[in-house]
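# Summary of the model geometry
Here is what each chain is made of, one letter per residue.
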Amino acid sequence: MRLAIIGGGGFRVPLVYRALLGDDGPARVTEVTLHDTDPDRLRVIAAVLAAQGSSVRVGATTDLDQALAGADFVFSAIRVGGTRGRVEDERVPLAAGVLGQETVGAGGVLYGLRSVPVALRIAERVAAVAPGAWVINFTNPAGMVTEAMSAVLGHRVIGICDSPVGLVRRAARAAGADPAEVGYGYTGLNHLGWLHSLTLHGRELLPGLLADEAALASFEEGRLFGARWLRALGTLPNEYLHYYYFRRETLAAARDARETRGAFLARQQDGFFEAALAEVDSPERVHARWERTRLEREETYGADARAAAGDAAPRDSCDLDGGGYEQVALALMRAIATDRATRLILNVRNAGTLPGLPPDAVIETVCEVNAQGAHPVPAISPGLAETGLMLQLKAVERATIDAATTGSPEAALRALALHPLVDSPATAGHILAAAGWPVSG
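Keep in mind that this is a model prediction, so the values were computed, not measured.

Further remarks concern the packing of helix α5 (residues 106–129) against helix α6 (residues 142–153). Packing of α5 against α6 leaves a shortest axis separation of 8 Å and a crossing angle of 25 degrees. Between α5 and α6, the angle falls in the class roughly parallel. Note on packing geometry: the crossing formed by α5 with α6 is right-handed. On α6, the residues touching G108, G112, S115, V116, A119, L120, I122, A123, E124, V126 and A127 of α5 are M144, V145, A148, M149, V152 and L153. Class assignment for the residues of the contact of α5 with α6 results in 13 nonpolar, 3 polar and 1 charged.

Dropping the structure here:
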């Protein structure tokens, strides 16, 4: 099979390649083409891949159509505006007195305004050049971007995220179960979901886990949200819900931090690519530098939320291997290519799974995957609080897509002002003006 990676100069691309090298099944990928608008980043990432092995043929190009031609699968992992764009997405909202974060709140809306038009152009080129390809979207905000691309590609675009699978894995271990053996129920939107069931051989484990103080204290989400709040909810929330449930604490922690996460990553990755480019003719040295940089990145992931929760514990060692999204992508490709029924948590069209949301709204839920794509399995309807939050955030996502595709300042204002972490048309207007968006009226 042939795989095209759009955003192939991205820092995390070697994790995908590493997963591909470990797959020797009947539907293994034999050729990868990296595409990026930055040829220097492509050279560096190609060197990292060269040091890992040669069982998969690797090419690189700055021509999008050339990368897509003949592809069976397309990974879309772009970052429009680069890490410098992320710095602005965090800095501008914080200056206005609200949370600045990559995918949550005002930062997520600003990121979506930049990302959606480019993602749509990619979708259009896929439809024209590789109409039989399946697109796996990594680009954040993943749910919003996947929904925008689905207007062009329909069910042939599927969004993925590593947060849900990480939550299932950690919760299973805390409950004393093998993560590979558990069943699970999970529903929501991307970065806004809840694990409401965890079973082993038909036995529900979640109530026992929620009642066990020591077990909850043994994994990140348990410490992040606290046993009392988790028992009040009766579910295990995705880690990103900490920004909603503890908005005052997370905002205070962000203000007190020496630098934002985006500023750290911009400094770290700029340093990596500058140093790696100077030694690009030595793939082993470039790979070693990448591995050191990656480990530092993984160790510090989520530090702001942990600081807000007073959690000084290091990240789980199992989460330092790379997060797991590359394994989700590989499992998804394998299931489609071999028609092997597989259950995964994915971002797909609702299709009536959650009655309160439109059928074409992209949600994050448990799906059965086969050669025809990803199909949501029947799910327990979330409670009123969860449904209300999802409806509000879906309205924000749709207003952002509207603004990104039409240039409407009214839609952009609506997207920001309706977000519960902004909650003010005046503040939304200030943010849009600082970000360079015109505000009517």
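Now for the side chain of T187. Turning to its location among the elements, T187 is positioned in strand β7 (residues 183–189). For T187, a relative accessible area of 2% translates into the label buried. Filtering out sequence-adjacent residues up to four positions away, T187 remains in contact with G193, W194, H196, L354, E364, T365, A379, I380 and P382.

Under the criterion given, the structure shown has 8 aromatic pairs. Relative to Y245, the ring of W229 has its centre 5.3 Å away and its plane inclined at 75 degrees; by these criteria the two rings are edge-to-face. Separated by 16 residues along the polypeptide, W229 in helix α11 (residues 227–233) and Y245 in helix α12 (residues 242–245) bring together distant segments of the chain. Their ring planes at 70 degrees and their centres at 5.0 Å tell us that F272 and F273 sit as a pair that is edge-to-face. Note on F272: relative accessible area 2%, which makes it buried. The class of F273 is buried, set by a relative accessible area of 9%.

For the rest of this paragraph, the subject is the pattern of salt bridges. Under the counting rule described, the total for this entry stands at 26 salt bridges. Among the ionic pairs, E397 bridges to K394, the shortest N-O distance being 2.7 Å. In this pair, E397 and K394 are both assigned in helix α18 (residues 384–406), 3 residues apart and thus about one turn of the helix distant. A single burial state applies to E397 and to K394, both of which are buried. The salt bridge involving R414 is made with D402; its shortest N-O contact spans 3.5 Å. You can see R414 sitting in helix α19 (residues 409–417) and its partner D402 sitting in helix α18, a full 12 residues away along the chain. With a relative accessible area of 37%, R414 lands in the partly exposed category.

What follows deals with the nonpolar core. Formed by 47 residues in total, the largest nonpolar core has its most connected members in L3, F75, I160, L332, M333 and L346. It is helix α17 (residues 325–338) that contributes the most residues to this core, 9 residues altogether. Excluding anything up to four places from it in sequence, L3 contacts L20, V29, E31, V32, T33, F73, V74, F75 and M333.

The next point concerns α19. If you check which residues of α19 are buried, you get P409, A411, A412, A415, L416 and A417. Of the surrounding elements, those touching the buried residues of α19 are α5, α18 and α20 (425–435).

How two helices pack is summed up by the angle between their axes together with the distance between the axes. At a minimum axis distance of 10 Å, the contact between α6 and α18 shows a crossing angle of 55 degrees. In terms of orientation, α6 lies oblique with respect to α18. α18 is crossed by α6, and the crossing has right-handed handedness. Between α6, through G143, M144, E147 and A148, and α18, the contact on the second element is made entirely by K394, E397, R398, T400 and I401. The residue inventory of the contact of α6 with α18, partitioned by class, reads 3 nonpolar, 2 polar and 4 charged.

Let us now look at α6. With 12 residues, α6 extends 15 Å between its outermost C-alpha atoms, agreeing within 8% with the 16 Å of an ideal straight helix rising 1.5 Å per residue. Of all the residues in α6, the buried ones are A142, G143, M144, V145, T146, E147, A148, M149, S150 and L153. Positive backbone phi, at 60 degrees, marks G154, one or two positions downstream of α6.

You can see Y184 is positioned in strand β7. Separated by 196 residues in sequence, Y184 and I380 place their C-alpha atoms 11 Å apart. Here Y184 is in contact with V168, L195, S197, L198, R343, L344, I345 and V366, once residues within four sequence places are set aside. Among the polar contacts made by the side chain of Y184, one reaches the main-chain carbonyl oxygen of R343 at a distance of 3.2 Å.

Turning next to the environment of T61. As for its placement among the helices and strands, T61 is situated in strand β3 (residues 57–61). For the pair T61 and Y111, spaced 50 residues apart in sequence, the C-alpha to C-alpha distance is 25 Å. Here D63 takes part through its backbone nitrogen, which lies 3.0 Å from a polar atom of the side chain of T61.

A few words on the side chain of S115. With respect to the helices and strands, S115 occurs in helix α5. We classify S115 as buried; its relative accessible area is 0%.

Turning our eyes to something else, we now look at the pairing of strand β5 (residues 134–137). Burial along β5 is two-sided: the residues W134 and I136 and V135 and N137 are all buried. In this structure, strand β4 (residues 73–76) lies alongside β5, joined through 4 bridges in parallel fashion. Note that in β5 the partner of S76 across the bridge is N137. As judged from the 3 bridges shared by β5 and strand β6 (residues 157–159), these two strands associate in the parallel manner. Note that in β6 the partner of N137 across the bridge is G159. Handedness of the crossover is the feature at issue here: the chain leaves β5, passes through α6, returns alongside β6, and the resulting connection is right-handed.

Each value, and the rule that gives it
Residues numbered from 1 in each chain as written. Predicted model: local features only at pLDDT ≥ 70, side-chain atom pairs only at ≥ 80, totals over all residues. Heavy atoms only, no water. Axes fitted to C-alpha atoms, helices over the stretch in contact; angles between N-to-C directions. Helix = DSSP H or I, 4+ residues; strand = E, 2+ residues; numbered from the N terminus. Parallel < 35°, antiparallel > 145°, perpendicular 65-115°, else oblique. Left-handed = near helix turned anticlockwise from the far one by under 90°. Contact = heavy atoms within 4.5 Å. Nonpolar A, V, L, I, M, F, W, Y, C, P; charged D, E, K, R; others polar. Buried < 20%, exposed > 50% of the residue type's maximum accessible area, 1.4 Å probe, protein only. Phe/Tyr/Trp six-rings, centres within 6.5 Å; stacked < 30°, edge-to-face > 60°. Salt bridge = Lys/Arg side-chain N within 4 Å of Asp/Glu carboxyl O. Core = buried A, V, L, I, M, F, W, Y, C linked by side-chain atoms within 4.5 Å. Expected span 1.5 Å × (residues − 1). Polar contact = N/O pair within 3.5 Å; in protein donor to acceptor, adjacent residues only side chain to side chain. Pairing = 2+ DSSP bridges. Right-handed = clockwise from strand over helix to strand, strands pointing away.

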